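Structural overview for review
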There are 4 protein chains.
Amino acid sequence: MRIDLNSDMGESYAAWRMGDDPAMLSIVTSANIACGFHAGDWNVMHETARVARANGVAIGAHPSFNDRDGFGRRVIRGDSMAEIERMVAYQIGAMQAIATMAGHRVTHVKAHGSLGNLINEEDDLALAVGRAIKAVDPGLFYIVMPGRNSERAADKLGLPLAREFFADRTYDDDGQLTSRKRPGAVIHDAAGAARRVLDTLNDRAITTVNGRRIPVGIDTICVHGDTPAAVDMARAVRKALEASGMTLKPFAAAV
Amino acid sequence: MRIDLNSDMGESYAAWRMGDDPAMLSIVTSANIACGFHAGDWNVMHETARVARANGVAIGAHPSFNDRDGFGRRVIRGDSMAEIERMVAYQIGAMQAIATMAGHRVTHVKAHGSLGNLINEEDDLALAVGRAIKAVDPGLFYIVMPGRNSERAADKLGLPLAREFFADRTYDDDGQLTSRKRPGAVIHDAAGAARRVLDTLNDRAITTVNGRRIPVGIDTICVHGDTPAAVDMARAVRKALEASGMTLKPFAAAV
Amino acid sequence: MRIDLNSDMGESYAAWRMGDDPAMLSIVTSANIACGFHAGDWNVMHETARVARANGVAIGAHPSFNDRDGFGRRVIRGDSMAEIERMVAYQIGAMQAIATMAGHRVTHVKAHGSLGNLINEEDDLALAVGRAIKAVDPGLFYIVMPGRNSERAADKLGLPLAREFFADRTYDDDGQLTSRKRPGAVIHDAAGAARRVLDTLNDRAITTVNGRRIPVGIDTICVHGDTPAAVDMARAVRKALEASGMTLKPFAAAV
Amino acid sequence: MRIDLNSDMGESYAAWRMGDDPAMLSIVTSANIACGFHAGDWNVMHETARVARANGVAIGAHPSFNDRDGFGRRVIRGDSMAEIERMVAYQIGAMQAIATMAGHRVTHVKAHGSLGNLINEEDDLALAVGRAIKAVDPGLFYIVMPGRNSERAADKLGLPLAREFFADRTYDDDGQLTSRKRPGAVIHDAAGAARRVLDTLNDRAITTVNGRRIPVGIDTICVHGDTPAAVDMARAVRKALEASGMTLKPFAAAV
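Procedures and definitions
- Here the residue numbers are simple positions, counted from 1 along each chain's written sequence.
- Written order decides the labels, with chains lettered from A and ligands numbered from 1.
- Totals for whole chains, interfaces and linings use every residue, but because this is a predicted model, local features are given only for residues with pLDDT of at least 70 and side-chain atom pairs only at 80 or more, for both listing and counting.
- Side-chain numbers here rest on the full set of heavy atoms in the structure, without hydrogens or water.
- A least-squares fit on C-alpha atoms brings the copies together, and the residues used are those whose pLDDT is at least 70 in both copies.
- The contact criterion used throughout is that any non-hydrogen atoms of two residues lie within 4.5 Å.
- Any Lys or Arg side-chain nitrogen found within 4 Å of a carboxyl oxygen on Asp or Glu counts as a salt bridge.
- By definition, any uninterrupted DSSP run of H or I lasting at least four residues is a helix, any uninterrupted run of E lasting at least two residues is a strand, and each is numbered from the N terminus.
- Exposure categories follow from relative accessible area, calculated using a 1.4 Å probe and restricted to protein chains: below 20% of the type maximum is buried, above 50% is exposed, and the middle band is partly exposed.
- Comment: axis = line fitted to C-alpha atoms, over the contacting stretch for helices; angle = value between 0 and 180 degrees taken between N-to-C directions.
- Just so you know how the angles are binned, under 35 degrees is roughly parallel, over 145 roughly antiparallel, 65 to 115 roughly perpendicular, and the rest oblique.
- Here a crossing is taken to be left-handed if its near helix is turned anticlockwise relative to the far helix by less than a right angle, and right-handed if that turn runs clockwise.
- As a working rule, the residues Ala, Val, Leu, Ile, Met, Phe, Trp, Tyr, Cys and Pro are called nonpolar, Asp, Glu, Lys and Arg charged, and the rest polar, with Gly in that last group.
- Accessible-area loss on putting two parts together, using a 1.4 Å probe and summing over both, is the definition of buried area adopted here.
- Polar contacts, as counted here, are pairs of nitrogen or oxygen atoms within 3.5 Å of one another; within protein the pair requires one atom able to donate a hydrogen and one able to accept it, and residues that are adjacent in sequence qualify only if both atoms are side-chain atoms.
- Strand pairing is defined by DSSP finding a minimum of two bridges between the two strands.
- Within this scheme, the nonpolar core is defined by two criteria: the residues are buried Ala, Val, Leu, Ile, Met, Phe, Trp, Tyr or Cys, and they are joined through side-chain atoms within 4.5 Å.
- Between the rings of Phe, Tyr and Trp (Trp by its six-membered ring), a pair exists once the centres lie within 6.5 Å; its type follows the angle of the planes, with under 30 degrees stacked, over 60 edge-to-face, and the other angles tilted.
- Comment: the charge-over-ring label is applied if NZ (Lys) or CZ (Arg) is within 6 Å of the ring centre and within 35 degrees of the ring normal.
- The quantity called pLDDT is the predictor's confidence in a given residue, expressed from 0 to 100.
- Expected helix span is computed as 1.5 Å times (number of residues minus one).
- For this text, the term disulfide refers to a pair of cysteine sulfurs within 2.5 Å.

A separate point is the relation of the copies chain A and chain B. Mapping chain A onto chain B calls for a rotation angle of 180 degrees and an axial translation of 0.0 Å; the resulting RMSD is 0.0 Å. Taken together, the rotation and translation describe the operation of a two-fold axis. A share of 100% of the interface residues of chain A reappears at the interface of chain B, consistent with the copies meeting face to face through the same patch.

Okay, here's the thing in structure tokens:
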């Protein structure tokens, strides 16, 4: 069995550093690279793509609202869906050019922050992001949350998709992530996270906070790298997957 | 004989309007579209590309320093040449994606403002812009000033190029534009500009302010559209070219 | 009887122009100057303050969300109230310094765009803006909508306030502006707008779309200047006020 | 004898952290706070001012070119001196408002990065920054390099000034900092730096790289806090000054 491990990267910006990208690029198989809107810039994008290439890590554009002040985590309302589409396409294209310059190739798109949350809540935004991907390159994978609006949008648009499971988060009965505000919603224990990932893959189902079983296929596991503890968790998840006999490989045959 | 007529466009931004793009898109054969750095945004870029497509006008990326405050006219020093390359590649890629979304295709690149000036003064910047173009797509035309650093850079890199003549500017003996500060450096008379363009094309040479003749091939004529008078001049130049039997066509077989 | 006429100004930015500020500064008695967040920059702010000074027009800071792409009209959620306070204080301070440099003095604050709407809907935002004003200078007038959250916030904080009436908008029974989407919500007829203003002032009450009478004191009338028709309406409102014997004067004794 | 110790602070931005401000605020007597142009934002500015207040540290505005991409280190040419003045005034005003909100008060201004370098090379820029300070508040201290353009500008404008000595840099015979590119131009040894500071203060003269003695009065010593080693050096300098019997106190009676 084959699985992908993805992480957000390239979130440094100008003189500011964030995360330990070199460490994460030795752990994951896919990197979601910030496109200069919530984080990153052409230099950070290039360096991230270059090191990903050297590590055989597939790369994706990680578009967001144009919100550097809020790291793309704020909800910005008022743009039409056509405007959202263009905003996302702009970022994908910028990332493609930088990837090409670094000898690499963008093979997926994952929406960041509040945009990433909203595509699992609202059909119109899920479709807007999907249409942007399709318009730029219909061969790009759309990273989606299984059972939610983003997966339905990718299906409807005929886009290749990768269904994602979050290693460090619990799930509600509707397939959504439990709010971070609820105690226990974020898993801080690396071994526990690794076990949850294995259980979900073996079960072919997510077990929710209420014990409900949601049958899903999972193509990629999301891990984080913003703290040393997060890097340790990513490493633990990778080790557990390998120990259980799985092959870690990008969902897209990128590199 | 065939010639191209180019103009800078897509310089509106957000709630602000600039220039009469619809008028210009009915006159020129190539449009240089601002990429969101000195002007423009994903919406303006899309609309400009869409109308260009509808008018059979070829489009190019019009990258600049990241300088919205200064409309790309300020000189910004301190970036390495590698950083300039990535900055330009980012803009080209963004424009490509938006063009694709609008059913069009980028076929050339023209540097804007102070970046556009500096590539005719400094080899390293001319090469940096050229390398960015080549890295993203070696089939893109580099718009250059004949006899200057940009043309040499394009030649050295083996890029297709389009040599440009400015309809409304006089030239110094070194092939550079006469400084705008010198009286007479900017031509305001539409008929005079049209005549100058024809003379230069027929002569296969630029005649400088001192009467020197610089033999050059010209592939594209630059006209402006920022004022009603500029639009009138563009129209006059087009009419004069047609009246003299020339075919107006993009230098790139784009549309 | 004395009344103030206010208008949003200084909404040009960098190379882009918007509105006819010189015309408006010959009509109104108070100008709300954009602070560089949704529009304006230090140069536009300075020029607007300078011409206001020369015309005896009082000036206010016109803070907004940090949203140039959306002209401050988009709703941005995710900042804490303390963050909103600081964001507003930053803009007021910047405007004060530029005003001082131009020989003028900020005497009021009016929130712009979606921030301006939200302070009439949500107590916490109305208070956040009020606390920002109070922290910077408790003598600054807070422009409020009579009967709504902003007025209550100003009262609670003990801030001087100016109750505003919109010359070109109709009102709902709850004292809110009728949504622009409802037919007739925006008044385009200058004479009609002038009459409405006089009726409201004489009546000491707003008459709503349903004919309900909301008793209010009005300190300032808002007019717009973004189109030639808007400038004409502003002029008509001023003339009608003068003809009815009212004195046009800033609510703050600024100049 | 009394001396001030200053450091640049508040250079975090949005989600990004930089420097160890709490440590530095327990060492220095004056903090130069980034105003949101090269670094910082209203939240970082407020937190820095608040902690400075709590530590009895005086604060200054630390304005720069509007250059977040380049951390204010790039040279940006093309603005008129009047535009530079307004740009600096805007930042000072924003900082004043945030300081007031945090219960503190701005008492000095120090130009950052390339702007800080240029005011020691070019009279017109030194005067533009000085005029901005004077226009906003003629009681603000202008931090200057002794013997250079900035000191002359402050003198000419009648501004209070504080002459600065860099603890970790060597000086050329013209009173300028030796270029960072020259080997040995940056001092990495904390004890050496502390000794240099004492020697300069006792001598009432800077000793240049060529052994020349430039007689100067020094009001403030600049130390850095961007690395743990820099914090250590700042601490060493403070200890050396105290051990030699000097009183560490802000040059402005701020707190």
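From this point on, the discussion continues.
On to the interface of chain A and chain B, then. Taken together, the 23 residues of chain A in the interface contact 23 residues of chain B. Linking chain A to chain B there are 0 salt bridges. Elements with a minimum of two residues in the side of chain A that touches chain B: α2 (42-54), α3 (81-101) and α5 (123-136) of chain A. Ranked by the residues each element gives to the side of chain A that touches chain B, the list is headed by α3(A), at 12 residues.

Let us look at the pattern of salt bridges. Overall, the coordinates contain 56 salt bridges over all chains when judged by the stated rule. Here B:Arg163 and B:Asp219 are joined by a salt bridge, their closest N and O atoms 2.9 Å apart. Here B:Asp219 lies in the loop between β9 (213-215) and β10 (220-222) and B:Arg163 lies in strand β7 (residues 161-166), a separation of 56 residues in the sequence. On the basis of relative accessible area, B:Asp219 is assigned to the partly exposed category, the value being 22%. Connected through salt bridges with shared partners, the residues A:Asp8, A:Lys110 and A:Glu164 form a single ionic network.

This next bit is on the packing of helix α3 (residues 81-101) of chain B against helix α5 (residues 123-136) of chain B. Residues and elements named next belong to chain B. Contact geometry of α3 with α5 gives a least axis separation of 8 Å together with a crossing angle of 40 degrees. If you check the angle between α3 and α5, you find them oblique. Both α3 and α5 take part in a crossing whose hand is right-handed. Contact residues: Met 81, Ile 84, Glu 85, Val 88, Ala 89, Ile 92 and Gln 96 in α3; Asp 124, Leu 125, Ala 128, Val 129, Arg 131, Ala 132, Ile 133 and Val 136 in α5. Split by residue class, the contact of α3 with α5 holds 11 nonpolar, 1 polar and 3 charged.

We now examine the relation of the copies chain A and chain C. At an RMSD of 0.0 Å, chain A and chain C line up after a rotation of 180 degrees and a shift of 0.0 Å along the axis. Most of the interface of chain A is mirrored in chain C, where 100% of its interface residues again form contacts.

Here we take up the interface of chain A and chain C. Each side of the interface is counted separately: chain A has 8 residues, and chain C has 8 residues. Across the chain A to chain C interface the summed buried area is about 720 Å²; carbon plus sulfur atoms make up 42%. It is A:Arg74, A:Ile76 and A:Arg77 in chain A that bury the most area against chain C; as a group they hold 56% of the surface buried on that side. At the boundary of chain A and chain C, one finds 2 salt bridges. Between C:Arg74 and A:Asp79 there is a salt bridge, with the nearest N and O atoms lying 2.7 Å from each other. In this structure, the connection of chain A to chain C is made through 6 residue pairs in polar contact (both at pLDDT 80 or more). Across the side of chain A that touches chain C, the residue classes tally to 2 nonpolar, 2 polar and 4 charged.

Glancing now at the side chain of B:Asn32. Residues and elements named next belong to chain B. Relative to the helices and strands, Asn 32 resides in strand β2 (residues 30-34). Here Asn 6 takes part through its side chain, which lies 2.9 Å from a polar atom of the side chain of Asn 32. Those residues in contact with Asn 32 that lie beyond four places of it in its chain are Asn 6, Ser 7, Asp 8, Met 9, Gly 60, His 62, His 108, Lys 110 and Ile 143.

In the Ramachandran plot, B:Arg204 falls in the positive-phi region, its phi being about 55 degrees despite a non-glycine side chain. Counting through the fold element by element, B:Arg204 comes out in the loop between α7 (190-203) and β8 (205-207). Looking at B:Arg204, the relative accessible area reads 54%, which means it is exposed. The phi torsion at D:Phe71 lies on the positive side, around 55 degrees, for a residue other than glycine.

This part takes up the environment of D:Arg50. Residues and elements named next belong to chain D. Summarising the element assignment, Arg 50 is placed in helix α2 (residues 42-54). Classification of Arg 50 as partly exposed rests on a relative accessible area of 40%. Distance from Arg 50 to Met 101, taken between C-alpha atoms, is 8.8 Å for residues 51 residues apart in sequence. Only 3.0 Å separates the side chain of Arg 50 from the side chain of Glu 47, close enough to count as a polar contact.

So, about the packing of helix α5 (residues 123-136) of chain D against helix α6 (residues 149-157) of chain D. Residues and elements named next belong to chain D. Contact geometry of α5 with α6 gives a least axis separation of 8 Å together with a crossing angle of 45 degrees. With respect to α6, the element α5 is oriented oblique. In this structure, α5 crosses over α6, and the sense of that crossing is right-handed. Judged by residue contacts, Asp 123, Ala 126, Leu 127, Gly 130, Arg 131 and Lys 134 of α5 engage Asn 149, Ser 150, Arg 152, Ala 153, Lys 156 and Leu 157 from α6. In the contact of α5 with α6, the residues fall into 4 nonpolar, 3 polar and 5 charged.

Residue and element names in this part refer to chain A. Burial within strand β2 (residues 30-34) is extensive, with 5 of its 5 residues counted as buried. Here β2 shows two buried faces, one formed by Ser 30, Asn 32 and Ala 34 and the other by Ala 31 and Ile 33. By the bridge criterion, 4 bridges tie strand β1 (residues 2-9) to β2 in an arrangement that is parallel. Across the sheet, the residue bridging to Met 9 is Ile 33, located in β2. The pairing of β2 with strand β3 (residues 58-62) spans 5 bridges and is parallel.

Right, let's talk about the pairing of strand β5 (residues 106-109) of chain C for a bit. Residue and element names in this part refer to chain C. When strand β3 (residues 58-62) meets β5, the two strands line up parallel, connected through 3 bridges. For Ile 59, the partnering residue across the bridge sits in β5 and is Val 106. Two elements, β5 and strand β6 (residues 141-144), share 2 bridges in a ladder whose sense is parallel. In the strand pairing of β6, Val 109 is matched with Tyr 142.

Our next topic: the nonpolar core. Across soluble globular proteins, nonpolar side chains have a tendency to be buried as a group. Formed by 336 residues in total, the largest nonpolar core has its most connected members in A:Ile221, B:Ile221, C:Ile221, C:Val237 and D:Ile221. Setting aside chain neighbours within four positions, we find D:Ile221 in contact with D:Ile3, D:Asp4, D:Leu5, D:Asn6, D:Phe165, D:Ala167, D:Val197, D:Leu201 and D:Val237.

Enumeration over the complete set of coordinates arrives at 35 aromatic pairs over all chains. When the ring of B:Tyr13 is compared with that of C:Trp16, the centres are 5.5 Å apart and the planes differ by 50 degrees; the resulting orientation is tilted. Here C:Trp16 lies in the loop between β1 (2-9) and α1 (21-25) and B:Tyr13 lies in the loop between β1 (2-9) and α1 (21-25), a pairing that spans two chains. For the pair B:Tyr13 and C:Trp16, one class covers both residues: buried. For the ring pair C:Phe37 and D:Trp42, a centre distance of 5.2 Å and an interplane angle of 45 degrees mean the geometry is tilted. With C:Phe37 in the loop between β2 (30-34) and α2 (42-54) and D:Trp42 in helix α2, the pair connects residues from two separate chains. Classification of C:Phe37 by relative accessible area gives buried; the value is 4%. Put simply, the rings of A:Tyr13, A:Trp16, A:Phe71, D:Tyr13, D:Trp16 and D:Phe71 touch in pairs and so form one group of aromatic residues. In this arrangement the basic side chain of B:Arg68 is found over the ring face of B:Tyr13, its NZ or CZ atom lying 3.9 Å from the centre.

On average, residues of chain A score 96 in pLDDT, and 99% of them reach the 70 mark or higher. On the interface metric, ipTM, the complex scores 0.97, and its pTM is 0.98.

Glancing now at helix α8 (residues 228-243) of chain B. All names here are of chain B. End to end, α8 covers 22 Å across 16 residues, agreeing with the expected 22 Å (1.5 Å per residue, within 8%). Every buried residue of α8 is listed here: Ala 230, Val 231, Met 233, Ala 234, Val 237, Ala 240 and Leu 241. Lining the buried residues of α8 we find β1, α1, α7, β10 and β11 (247-248). Taken from the residues just after α8, Gly 245 is the one with a positive phi, measuring 90 degrees.

Our next topic: the side chain of B:Lys110. All names here are of chain B. For Lys 110, the location among the structural elements is in the loop between β5 (106-109) and α4 (113-118). Residue classification places Lys 110 among the buried positions, given a relative accessible area of 6%. When neighbours within four sequence positions are excluded, Lys 110 is seen to be in contact with Asn 6, Asp 8, Asn 32, Ala 61, His 62, Pro 63, Ile 143, Glu 164, Phe 166 and Cys 222.

Moving on: the state of the cysteines. Residue and element names in this part refer to chain C. A complete count under the given rule lists 0 disulfides over all chains for this structure. Free of any disulfide, Cys 35 has its nearest cysteine sulfur in Cys 222, 16 Å distant. Overall, the relative accessible area of 0% leaves Cys 35 in the buried class. A relative accessible area of 1% places Cys 222 in the buried class.

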